[in-house]
Amino acid sequence: MSRPRLEVADIFHRYGAGWRRANAGHLSLGQLKVMSAIEHCRSAALGGHVERCEDCGHSRIAYNSCRNRHCPKCQGAAAKDWLAARETDLLPVGYFHLVFTLPAEIAPIAYQNKAVVYDLLFRTAAETLITIAADPRHLGARIGATAVLHSWGSAMTHHPHVHMIVPGGGISLDGTQWLACRPGFLLPVRVLSRLFRRLFLTGLADAHRAGRLAFFGELDGLRNPTAFAAYLAPLRKKNWFVYAKPPFAGPEAVLAYLARYTHRVAISNSRLLGLDERGVSFHYKDYRRDGRARYRTMTLAPDEFIRRFLLHVLPKGFHRIRHYGLLASAGCKINIARARELIAVPAPSVSPLAEHDDPGVATGAAGDHRPPCPCCGGRMIIVETFERGGAPRAPPSPEAG
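Source: prediction; values computed, not measured.

**A few points about the side chain of Arg60**
Locating Arg60 in the fold gives a position in strand E2 (residues 59-63). Assessed through its relative accessible area of 12%, Arg60 is described here as buried. Here Glu51 takes part through its side chain, which lies 2.8 Å from a polar atom of the side chain of Arg60. A distance of 3.4 Å separates a polar side-chain atom of Arg60 from the backbone oxygen of Pro372.

This is how it looks when you write it as structure tokens:
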């Protein structure tokens, strides 16, 4: 597997120590841990193992991954395992992609209160979707959704929003039939937007009254209830952004989409172009433009690049992938089985990995992501392990990278 010519780790290696000194006292423990994990990922500092080909004897060193969910190098294997577990939950219906976005005025409050506001974003988006779908004037059914939190825009600015993948239909409220949505149309976005706005602002005001929100710096004045209510007042009349994309072309397209979105981080190594005296250059999309003009290049000073990257470090233990309605973990298998019965399609065969929502509890070939032998394509097996900061007893093959 070839290494990108530039990685986020390279930027941290070169500028991270100075950036930490310049911002001492202003960084959270979580941000410091993310920087350290990315800097040490797949290096001798984390230990590793020696792999040898069963067929030709070629050997190579493989260093351990940091497995931090913010690391650009560690999400590919995690996404594959997670997708394998989700494959059996797909229904043979059209799927829709919805996006619930917080307005720019809420973003700074969200940054200073990530756990509270991001959780509120998840809950109100899901409640909005489930409530409108259950309304007999619309679908009149119990539906399900898989939601993924993204806190960034393409240029790594703070832009909190939730992507939701929703089957095009649901089980009737009396549980006797599957109700499909109209072709190419799930639910009216204007209705979704208004309910989402009301639920979120009500929840945010409740959190403020309960003393669950903190304010610092320029937002310090919002500690006052009157000032906070005045700040929210214009948002009650503003149009909130809820976007519904056209339905996917079958379950395979849903999996392809999820593979790109579920375990994405603020920026992937593949988008990085160069690091020179001007700064860090990378690809980004300008969604205000159309066609080829949308794809542009940006250059940021290394300090600003690091700052933007660390904006998106999540609180410890915060779940950024959640399931709601029919797909909620507690009753997911039963609901999926009932939906398949109502649609009259057989259940797919279940792989051992698909039994678990957490791929880390599964073992075996399904979770083995070691690349094949570069010489003959044979299977590589582990013949030696070494601890953090250690080294293998014998060198790998001369041509090993």
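And the narrative resumes.
**Re the packing of helix H2 (residues 29-40) against helix H9 (residues 302-310)**
Pairs of packed helices are described in terms of their axes, by the angle between the two and the distance that separates them. Taken N-terminus to C-terminus, the directions of H2 and H9 make an angle of 115 degrees; their axes are 11 Å apart at the nearest point. Taken together, the axes of H2 and H9 are roughly perpendicular relative to one another. When you trace H2 past H9, the crossing you get is right-handed. Between H2, through Gln31, Val34, Met35 and Ile38, and H9, the contact on the second element is made entirely by Ile306, Phe309 and Leu310. Split into classes, the residues belonging to the contact of H2 with H9 amount to 6 nonpolar, 1 polar and no charged.

**Re the pattern of salt bridges**
It is possible for side chains of opposite charge to pair when their charged atoms get near one another. Counted under the stated rule, the structure contains 18 salt bridges. Here Asp119 ties to Arg123 by a salt bridge, and the two come within 2.8 Å at their closest N and O atoms. Highlighted residues: Asp119 and Arg123, both in helix H5 (residues 114-134), separated by 4 residues, approximately one helical turn. Note that Asp276 and Arg278 form a salt bridge whose closest N and O atoms lie 3.6 Å from each other. By relative accessible area, which is 54% here, Arg278 ends up exposed.

**Quick word on a positive patch on the surface**
On the surface, Lys245, Arg260, Arg264 and Lys285 cluster together into a patch of positive charge. Position of Arg260 relative to the elements: it lies in helix H8 (residues 251-261).

**Quick word on the environment of His283**
Inspection of the secondary structure puts His283 in strand E11 (residues 279-285). Sequence-wise, His283 and Ala134 are 149 residues apart; in three dimensions their C-alpha atoms are separated by 41 Å. Those residues within four positions of His283 in sequence are excluded, and the remaining contacts are Arg271, Leu273, Arg296 and Thr297.

**Remarks on the sheet that holds strand E13 (residues 321-325)**
The strand order across the open sheet built from 5 strands is E9-E3-E6-E5-E13, with neighbouring strands paired in antiparallel fashion. Two strands close off the open sheet at either side, each with one partner strand: strand E9 (242-245) and E13. With direction set aside, neighbouring strand axes in the sheet form an average angle of 25 degrees. Two elements, strand E3 (residues 95-101) and strand E6 (residues 158-167), share 7 bridges in a ladder whose sense is antiparallel. If you follow Thr101 over to E6, its bridge partner there is His161. Its contacts with the sheet place helix H6 (residues 189-209) against E3 and E9, and it is angled at close to 145 degrees to E9.

**Some points on empty space enclosed by the protein**
Using the criterion set out here, one finds 2 cavities of 30 Å³ or more in the structure. Within this model, the largest cavity holds a volume of roughly 130 Å³. In terms of lining, the largest cavity is formed by 14 residues, of which the most central are His70, Trp152, Val265, Ala266 and His312. Looking at the lining of the largest cavity, the element that brings in the most residues is strand E5 (residues 144-152), giving 4 residues. For the lining of the largest cavity, the per-class residue count stands at 7 nonpolar, 4 polar and 3 charged. Taken as a whole, the second largest cavity encloses approximately 30 Å³ of empty space. Considering the residues around the second largest cavity, the lining is formed by Leu91, Ile143, Gly144, Pro167, Gly169, Leu326, Leu327 and Ile336. Classifying every residue of the lining of the second largest cavity gives 6 nonpolar, 2 polar and no charged.

**Describing the layout of surface pockets**
Counted as a void, the second largest pocket has a volume near 390 Å³. Among the elements that line the lining of the second largest pocket, the one with the most residues is H2, at 5 residues. Considered class by class, the residues forming the lining of the second largest pocket number 6 nonpolar, 7 polar and 4 charged.

**Side note on the sheet that holds strand E12 (residues 295-300)**
Within a sheet, adjacent strands bond to each other through the backbone by hydrogen bonds, running parallel or antiparallel. With antiparallel pairing, 3 strands are arranged side by side in an open sheet as E10-E11-E12. At either end of the open sheet lies a strand with only one pairing partner, and these are strand E10 (272-276) and E12. Here the average twist between neighbouring strands, direction ignored, is 25 degrees. Two elements, E11 and E12, share 6 bridges in a ladder whose sense is antiparallel. When the bridges of E12 are listed, Val280 appears paired with Leu300. Running over the sheet, helix H1 (residues 8-22) touches E10 and E11 and is turned about 20 degrees from E10.

Here is what the cut-offs are and how they apply
Residues numbered from 1 in each chain as written. Predicted model: local features only at pLDDT ≥ 70, side-chain atom pairs only at ≥ 80, totals over all residues. Heavy atoms only, no water. Helix = DSSP H or I, 4+ residues; strand = E, 2+ residues; numbered from the N terminus. Buried < 20%, exposed > 50% of the residue type's maximum accessible area, 1.4 Å probe, protein only. Polar contact = N/O pair within 3.5 Å; in protein donor to acceptor, adjacent residues only side chain to side chain. Axes fitted to C-alpha atoms, helices over the stretch in contact; angles between N-to-C directions. Parallel < 35°, antiparallel > 145°, perpendicular 65-115°, else oblique. Left-handed = near helix turned anticlockwise from the far one by under 90°. Contact = heavy atoms within 4.5 Å. Nonpolar A, V, L, I, M, F, W, Y, C, P; charged D, E, K, R; others polar. Salt bridge = Lys/Arg side-chain N within 4 Å of Asp/Glu carboxyl O. Patch = residues over 30% accessible without salt bridge, like charges linked within 9 Å, V, L, I, M, F, W, Y side chains within 5 Å. Areas by Shrake-Rupley, 256 points an atom, 1.4 Å probe, with all protein chains shown as cover. Lys, Arg positive; Asp, Glu negative; His and termini not counted. Charge placed at Lys NZ, Arg CZ, Asp CG, Glu CD. Pairing = 2+ DSSP bridges. 1 Å grid on protein atoms, 1.4 Å probe; cavity = no way out; pocket = protein on both sides within 12 Å on 5 of 7 lines; lining within 4 Å. Points joined across faces, edges and corners; volume = space filled by probe spheres on them.

Without other data, these values stay purely geometric and don't point to any function.
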